[in-house]
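An overview of the molecular structure
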Amino acid sequence: MNIIRKIILSCLVFIASNNLYSEDNTYIPFSNINDLNLFIGEDDYKDFIRSSLFEQPEYMYINSISAETKFNLKFAQRDRFPTINSNIINDESIERNIKDNSSVRKRRDDSFDANIEIRQALYSGGGINSRIKSAKAKVESLSKERQKTISSLILEANEIYLNSVTSNFLLNYAENLINTLHPYKDKVNERVRAGIMDPVESALFSVRYNSLKSLIYQLKSQAEKNNSRYRYFFKKDFSGNAFPKVQTTNNIIFENIESYDVSISEYNYLEKKEEIKIVRSEYLPKIGVSARYTKYDIDDDSNEDDIRGGLYFSMPIFSFGRGSAKINAAKASALGSKNAITISQKKDTIDESTLISDYNNSISNKDAFINSFQDTVEQRKTLQERIEFSGFSVNPLAEVISNEISQLKILLDNETVTLITYLSILHQNKLLNNEFKIKVD
């Protein structure tokens, strides 16, 4: 059943991938903004993101935990093999206080013996097999956790990169626009002194100009925060980075592919089910064979030795309810893990539908935002050309510049949402690592 399930899931992934990369329905975020002229190709961008992942502490941590689970699996598998132990017993009488010469304690019986014993379990209540299955489930769970960690780091890297690029571009764009207003500030004052301009209009211009300067401080603060996060993650300063040309699709249609969290919760449930058997095995019979070779008085060059062997059997008789309590606790834990699968499936469905809705909305809004921004740019350019012939009314220009900055921010935010939600949908369907050509065992 597991093999059939994997084949079906692989087919669904293939179908979903084909839907994602339909040539008739592609879109590249940021590419339709005329004022953007600095881009990085998709392959180069993905290489840059990929190269930053393997130095992250989250990646190193999950690798360490994954290695631990693999060694635990090897340890559980080794329980199938016999154990060989050796002992050296030096048992000498150090001090005696015996007055009765006829006492058995009067005899001196010092020894210096050595033995080697081999024990092989024949039946352990199913504990060995259950521990192996539990360890295998843990390995698979950590494998999915490792894939999820890498996929999450890809998402984080894209978000950090895009936030830095957009915030710095917006800051530079806003500063350049406000610099175009700066020469008019002195002209406004001159015209007020000359009685050509109404002082009220001058005051209104001053308010709008100062408001734009305050906006610059806000944009600069946000850009510095994003640059600091960029520097910490990528281990380098932000410097003239370009917008990525990553191809997305207009309409995303997915089959029901379970997320990493659902897969992890399923393996956790398998692990908890085996824990029940492991606990139960502690209160079942243990049967095995053993053999022991003993060499007596090794300090006296004695030729005395013997070999003993046979079956061993052990079984708890009565534990005053400890066994049933422990077994019931394991069952309750397994039931909780089973319910966690349903919770993960519910969250997966809600998260995916939300992401697809956000993505489709951003795609639907992109043309309106782009057109609004371009119209505002044209309006500002027209006002700049005609300002000297319109009675020097500079306030409409200041207002349009403020609107242009706001429109650009909305547009950049929408394009960022488009790309991030697209990548998040890939992450939700366990396709993001393949998208960035990262193979995870």
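Turning our attention to the overall build of the chain. Looking only at helices and strands, the chain features 9 helices and 8 strands. For the chain, restricting intrachain contacts to residue pairs at least 6 apart in sequence, the fraction spanning at least 24 positions comes to 86%. Of the roughly 25,600 Å² of accessible surface on the chain, a fraction of 51% belongs to carbon and sulfur atoms.

Opposite charge on two side chains permits them to pair, given that their charged atoms come into close proximity. Scanning the model with the defined rule gives 17 salt bridges in all. Lys 430 is the partner of Glu 258 in a salt bridge, and the nearest nitrogen-oxygen pair spans 4.0 Å. Taken together, the positions of Glu 258 in the loop between strand E6 (248–249) and helix H6 (260–281) and Lys 430 in the loop between helix H8 (395–428) and helix H9 (432–435) put the pair 172 residues apart, joining distant regions of the chain. In this structure, Glu 258 and Lys 430 share a single accessibility class: buried. Its salt-bridge partner being Arg 380, residue Glu 404 comes within 2.8 Å of it at the nearest N-O pair. Within this pair, whereas Glu 404 is found in helix H8, its partner Arg 380 is found in helix H7 (residues 322–386), the two being separated by 24 residues in sequence. Since its relative accessible area comes to 0%, Glu 404 is described here as buried.

What follows concerns a negative patch on the surface. Residues Asp 91, Glu 92, Asp 299 and Asp 300 make up a contiguous surface patch of negative charge. Here Asp 91 is to be found in strand E3 (residues 83–91). Accessibility expressed as a relative area gives 45% for Asp 91, which makes it partly exposed.

This part takes up the sheet that holds strand E8 (residues 305–314). To summarise the sheet geometry, strands pair through backbone hydrogen bonds and adopt either a parallel or an antiparallel arrangement. Strands sit in the order E3-E4-E7-E8 across an open sheet of 4 strands; the sheet is antiparallel. Strand pairing shows two members of the sheet lacking a second neighbour, E3 and E8, which therefore form its edges. Pairs of neighbouring strands in the sheet enclose a mean axial angle of 20°, with direction left out of account. As judged from the 9 bridges shared by strand E4 (residues 111–123) and strand E7 (residues 286–295), these two strands associate in the antiparallel manner. From the neighbouring strand, Ala 114 faces E7, where its bridge partner is Lys 295.

Our focus in this paragraph is the confidence of the model for the chain. Looking at the chain, pLDDT values average 85 and 84% of them are 70 or higher. Across the chain, element-level confidence peaks in strand E5 (residues 243–244) with a mean pLDDT of 94 and bottoms out in helix H1 (residues 2–20) with 43. Within the model, the stretch residues 1–23 combines pLDDT values under 50 with 24 contacts to residues more than four positions away or in other chains.

Turning next to the nonpolar core. In terms of nonpolar packing, the biggest core is built from 66 residues, with Leu 181 and Phe 234 touching the most fellow members. At the level of elements, helix H2 (42–51), helix H4 (127–193), helix H5 (199–234), H7 and H8 are the ones that each hand at least two residues to this core. Broken down by element, this core gets its largest block of residues, 18 residues, from H4. Sequence-distant contacts of Phe 234, defined by excluding residues within four places in its chain, comprise Phe 48, Ile 49, Ser 52, Ala 157, Ile 160 and Tyr 161.

With 22 residues, helix H3 (residues 57–78) extends 32 Å between its outermost C-alpha atoms, agreeing within 8% with the 32 Å of an ideal straight helix rising 1.5 Å per residue. Where H3 is concerned, the buried positions are Tyr 59, Ile 62, Ser 66, Thr 69, Leu 73 and Ala 76. Each buried residue of H3 sits inside an arc of 105° when the element is viewed along its axis, so together they form one side. Residues of H3 that are exposed and point over 90 degrees away from its buried face: Tyr 61, Phe 71 and Phe 75.

To continue, consider the side chain of Thr 376. For Thr 376, the location among the structural elements is in helix H7. Judged by relative accessible area, Thr 376 falls into the buried class, the value being 8%. When residues no more than four places from it in sequence are discounted, the contact partners of Thr 376 are Val 400, Asn 403, Glu 404 and Gln 407.

What follows covers the environment of Gly 309. Turning to its location among the elements, Gly 309 is positioned in strand E8. For Gly 309, a relative accessible area of 65% gives the class exposed. Distance from Gly 309 to Ile 118, taken between C-alpha atoms, is 9.2 Å for residues 191 residues apart in sequence. Contacts of Gly 309, omitting those with residues within four sequence positions, involve Ser 290 and Ala 291.

What follows is about the packing of H7 against H8. Contact geometry for H7 and H8: axes closest at 7 Å, N-to-C directions at 155°. One finds that H7 runs roughly antiparallel with respect to H8. As for the relative orientation of H7 and H8, their crossing is left-handed in sense. By residue class, the composition of the contact of H7 with H8 is 19 nonpolar, 13 polar and 8 charged.

Moving on, we come to a nonpolar patch on the surface. Nonpolar side chains collect at one region of the surface, where Leu 122, Tyr 123, Val 289 and Leu 311 lie side by side and expose about 410 Å² of accessible area between them. The residue Leu 122 is located in strand E4 in this model. For Leu 122, a relative accessible area of 55% translates into the label exposed.

Right, let's talk about the packing of aromatic side chains for a bit. With the rule as written, the count across this model stands at 14 aromatic pairs. Note on Phe 169 and Phe 243: the rings are 5.6 Å apart at their centroids and 85° apart in plane angle, and the pair reads as edge-to-face. With Phe 169 in helix H4 and Phe 243 in strand E5, this pair connects stretches of sequence that are 74 residues apart. Phe 243 matches Phe 169 in its accessibility class, with the two residues each being buried. An aromatic cluster of at least three residues, connected via ring pairs, comprises Tyr 45, Phe 48, Tyr 161, Tyr 230, Phe 233, Phe 234 and Phe 238. Over the ring of Tyr 312 we find Arg 119; its NZ or CZ atom is 4.0 Å from the centre of that ring.

So, how was this worked out
Residues numbered from 1 in each chain as written. Predicted model: local features only at pLDDT ≥ 70, side-chain atom pairs only at ≥ 80, totals over all residues. Heavy atoms only, no water. Helix = DSSP H or I, 4+ residues; strand = E, 2+ residues; numbered from the N terminus. Contact = heavy atoms within 4.5 Å. Areas by Shrake-Rupley, 256 points an atom, 1.4 Å probe, with all protein chains shown as cover. Salt bridge = Lys/Arg side-chain N within 4 Å of Asp/Glu carboxyl O. Buried < 20%, exposed > 50% of the residue type's maximum accessible area, 1.4 Å probe, protein only. Patch = residues over 30% accessible without salt bridge, like charges linked within 9 Å, V, L, I, M, F, W, Y side chains within 5 Å. Lys, Arg positive; Asp, Glu negative; His and termini not counted. Charge placed at Lys NZ, Arg CZ, Asp CG, Glu CD. Pairing = 2+ DSSP bridges. Axes fitted to C-alpha atoms, helices over the stretch in contact; angles between N-to-C directions. pLDDT = per-residue confidence, 0-100. Core = buried A, V, L, I, M, F, W, Y, C linked by side-chain atoms within 4.5 Å. Expected span 1.5 Å × (residues − 1). Arc of directions from axis to C-beta. Parallel < 35°, antiparallel > 145°, perpendicular 65-115°, else oblique. Left-handed = near helix turned anticlockwise from the far one by under 90°. Nonpolar A, V, L, I, M, F, W, Y, C, P; charged D, E, K, R; others polar. Phe/Tyr/Trp six-rings, centres within 6.5 Å; stacked < 30°, edge-to-face > 60°. Lys NZ or Arg CZ within 6 Å of the ring centre and 35° of its normal.

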